[in-house]
Amino acid sequence: MIEYLPREVVLDILSRLPVTSLLHSKLVCKAWHNLVQDPDLVCMQFSSAIEHDPCLIFHCDYPIQNQLYSLELSALSKDVQRVNKIRVPVLPEFEVLGSCKGLLCLCDSSAKDIVYVYNPCTRDYIELPKSTELLNQNPVFGFGFNQTTSQYKVVKAVYQKLPFRRCGGLISLQAEVQILTLGSPAWRNLKKLPYHLYQGPSQVSVCGRLHWRSWPRLFRSGCSIISFDLEDEQFRVVPKPDCDGLDRPNFHLVDLGGCLSAAIFDTYGQFEIWIMKEYNVKESWIKEFNIGNHVPRSLEEMDWNSAAQPFRDSKLYQKSSFVRILCLLKNGDILLLYKGRALVTYDRKDGTFKDLTFPGLPSWFVAVVHELSLQWIF
């Protein structure tokens, strides 16, 4: 019967289905297989998906390395919601560098010179061309999408470790910057970057730009917020509000409702949330709300001297702060991750916390906010 319907109607119907259902429908017949790979359906499905809560990708390397799991946040209101294991291709031990428009960017966690782009839904992946290798390199990556040209880009700022006897090594303050457009045969060199970017769990993409917090510069006080425009490929300093908390490296950046936001963590386990209402306008920063101190039950009951020791030996533990804001849910709640183990929602209206539990959730993990997509990598 589907062949009697106009193509536009068929695509509109299919675009409203979950990605997992669309992937299963490929097996029905050749016509459906071709439809699911239609570029117009890919775009329509993604436009429909962003109207709902995103997905979480969990990266876990204990007890087995290279494990990925997914959780669809749009189904949180359902009675039964479980974490699903993702079949990962055979790759060297990797890190998840970021997520953008349905794709994950991964890199070899030891050498950091091999980069992959991977769609966990379609299981499609490619290894990117190798960039110019520098000795003693310490790279910071970014992964984003240029809406104007519909191109994915990977940017790499490479800092070299300089010999320094007393400290065992010093990171150079300037970075050699390289960029690769997905589908291009080679990386391109950009201007040097005079800021030391902090590679957080995932960079923040807002208004067509990637964002990082910088480390304080030697003999100078204060951190900066650095952006990279995916269209003109220029780095810029984003104006900060007049707030002492953003001068110290105890905050992380996050996308809240499409706005660049900063979560400032204090020594008492509380957060100040600042939101830039109008992008790149200093005066538009406002202190939106506070998040009080909370310790999830799973952390209270944890025997940190025994059960947590294997995770403490993991590279993922070194990157996990005590608490991190993941995203803003469609119902207005804030989703938080506590010490790579506990997911919690915070209700801004009444200031209450709710600990979340799901069948299949790994014991220790890094969480990345992700949009499921049918995007195919060619």
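Before reading further, recall that the structure is shown in the block above.
Predicted model, so just to flag it, every value in this text is computed and none were measured.

(A) A look at the environment of K153. Its place among the elements puts K153 in strand β9 (residues 151-162). Separated by 10 residues in the primary sequence, K153 and F143 place their C-alpha atoms 5.9 Å from one another. With sequence-adjacent residues up to four places away left out, K153 is seen in contact with G142, F143, G144, N146, I179, L180, T181, L230, E231 and E233. Within polar-contact distance, the side chain of K153 engages the side chain of E233 at 2.8 Å.

(B) Representation of the packing of aromatic side chains in the model. Applying the stated criterion across every chain yields a total of 10 aromatic pairs. With 4.9 Å between their ring centres and 45° between their planes, Y346 and F353 make a pair best called tilted. Judged by its relative accessible area of 7%, Y346 falls in the buried class. Three or more aromatic residues joined by ring pairs make a cluster, and in this case those are F143, F145 and Y152. It is K101 that lies over the ring of F145; its NZ or CZ is 5.1 Å from the centre. The ring of W364 has R341 lying over it, and the distance from NZ or CZ to the ring centre is 4.8 Å.

(C) How the structure looks around helix α1 (residues 7-15). Those residues of α1 lying buried are V10, L11, L14 and S15. Along the long axis of α1, the arc covered by the buried residues comes to 130°, so they all point the same way. Those residues of α1 that are buried lie in contact with α2 (19-25), α3 (30-36) and α4 (39-49).

(D) Molecular detail of the sheet that holds strand β21 (residues 323-328). With antiparallel pairing, four strands are arranged side by side in an open sheet as β21-β22-β23-β24. The open sheet has two edge strands with one neighbour each: β21 and β24 (352-356). In this sheet, adjacent strand axes meet at a mean angle of 30° when their direction is disregarded. By the bridge criterion, five bridges tie β21 to strand β22 (residues 334-338) in an arrangement that is antiparallel. The residue bridging R324 from the neighbouring strand is L337, located in β22.

(E) Expanded view of the environment of N138. Structurally, N138 can be placed in strand β8 (residues 137-146). In this structure, the C-alpha to C-alpha distance between N138 and A175, residues 37 residues apart in sequence, is 9.4 Å.

(F) Structural context of the pattern of salt bridges. Within the structure shown, the criterion is met by 12 salt bridges. Ionic pairing is found between D12 and R16, a salt bridge with its closest N-O pair at 3.2 Å. For D12, a relative accessible area of 31% puts it in the partly exposed group. Accessibility expressed as a relative area gives 61% for R16, which makes it exposed. Between E233 and R188 there is a salt bridge, and its shortest N-O distance comes to 2.7 Å.

(G) Main features of the side chain of T122. Relative to the helices and strands, T122 is located in the loop between β6 (115-119) and β7 (124-127). You can call T122 buried: its relative accessible area is 14%. Not counting residues within four places of it along the chain, the set of residues in contact with T122 comprises L23, S373, L374, Q375 and W376.

(H) Quick peek at the nonpolar core. Membership of the largest hydrophobic core comes to 27 residues, with the highest contact counts inside it found for I57, L68, V96, L104, L106 and L374. Contributions of two or more residues to this core are made by α1, α2, α3, α4, β1 (55-60), β4 (94-100), β5 (103-108) and β6. Ignoring anything within four residues of it in the chain, the contact list for L68 reads I57, F58, H59, N84, K85, I86, V88, F94, V96, L104 and Y118. In terms of nonpolar packing, the next biggest core, distinct from the first, is built from 18 residues, I275, L299, V323 and Y346 among them.

(I) Expanded view of unusual backbone geometry. Even without being glycine, R123 reaches a positive phi, approximately 65°. Considering the arrangement of structural elements, one finds R123 in the loop between β6 and β7. The phi dihedral of N280 is positive, around 70°, even though this residue is not glycine. If you trace the backbone, N280 turns up in the loop between β19 (271-276) and β20 (285-291). According to the relative accessible area criterion, N280 is partly exposed, its value standing at 36%.

(J) Structural detail: the sheet that holds strand β13 (residues 204-206). Taken in spatial order, the four strands make up an open sheet running β13-β14-β15-β16, and their pairing is antiparallel. One side of each edge strand has no neighbouring strand; the edge strands of this open sheet are β13 and β16 (235-238). Going across the sheet, the axis of each strand differs from the next one's by a mean of 35°, ignoring polarity. By the bridge criterion, five bridges tie strand β14 (residues 209-213) to strand β15 (residues 225-229) in an arrangement that is antiparallel. Note that in β15 the partner of R213 across the bridge is I225.

Here is what the cut-offs are and how they apply
- Starting from 1, residues in each chain are numbered consecutively following that chain's sequence as written.
- Thresholds applied to this predicted model are a pLDDT of at least 70 for local features of residues and 80 or more for the giving and counting of side-chain atom pairs; totals over whole chains, interfaces and linings are not thresholded and use all residues.
- As a rule here, side-chain values cover all heavy atoms of the structure and leave hydrogens and water aside.
- In DSSP terms, a helix is any run of H or I states spanning at least four residues, a strand is any run of E spanning at least two, and both are numbered starting from the N terminus.
- We call two residues in contact when some of their heavy atoms are within 4.5 Å.
- Here a polar contact is recorded for every N or O atom pair within 3.5 Å, except that within protein the pair must consist of a potential hydrogen donor and a potential acceptor, and residues adjacent in sequence are included only if both atoms are side-chain atoms.
- For this analysis, a ring pair means two rings from Phe, Tyr or Trp (six-membered ring only for Trp) whose centres lie within 6.5 Å, classed as stacked if their planes differ by under 30 degrees, edge-to-face if by over 60, and tilted for the remaining angles.
- Relative accessibility under 20% of the residue-type maximum defines a buried residue, over 50% an exposed one, and the middle range a partly exposed one, all with a 1.4 Å probe and only protein chains included.
- Remark: a charge is flagged as sitting over a ring if the NZ atom of Lys or the CZ atom of Arg is within 6 Å of the ring centre and within 35 degrees of the ring normal.
- Taking the helix axis as origin, the arc is that swept by the directions to the C-beta atoms.
- Between any two strands, at least two bridges found by DSSP are needed for them to pair.
- The convention used is that axes are lines fitted to C-alpha atoms, helices contributing only their stretch in contact, and that angles between N-to-C directions extend from 0 to 180 degrees.
- Criterion for a salt bridge: a side-chain nitrogen of Lys or Arg within 4 Å of a carboxyl oxygen of Asp or Glu.
- Here, nonpolar core means buried Ala, Val, Leu, Ile, Met, Phe, Trp, Tyr and Cys residues that are tied together by side-chain atoms lying within 4.5 Å of each other.

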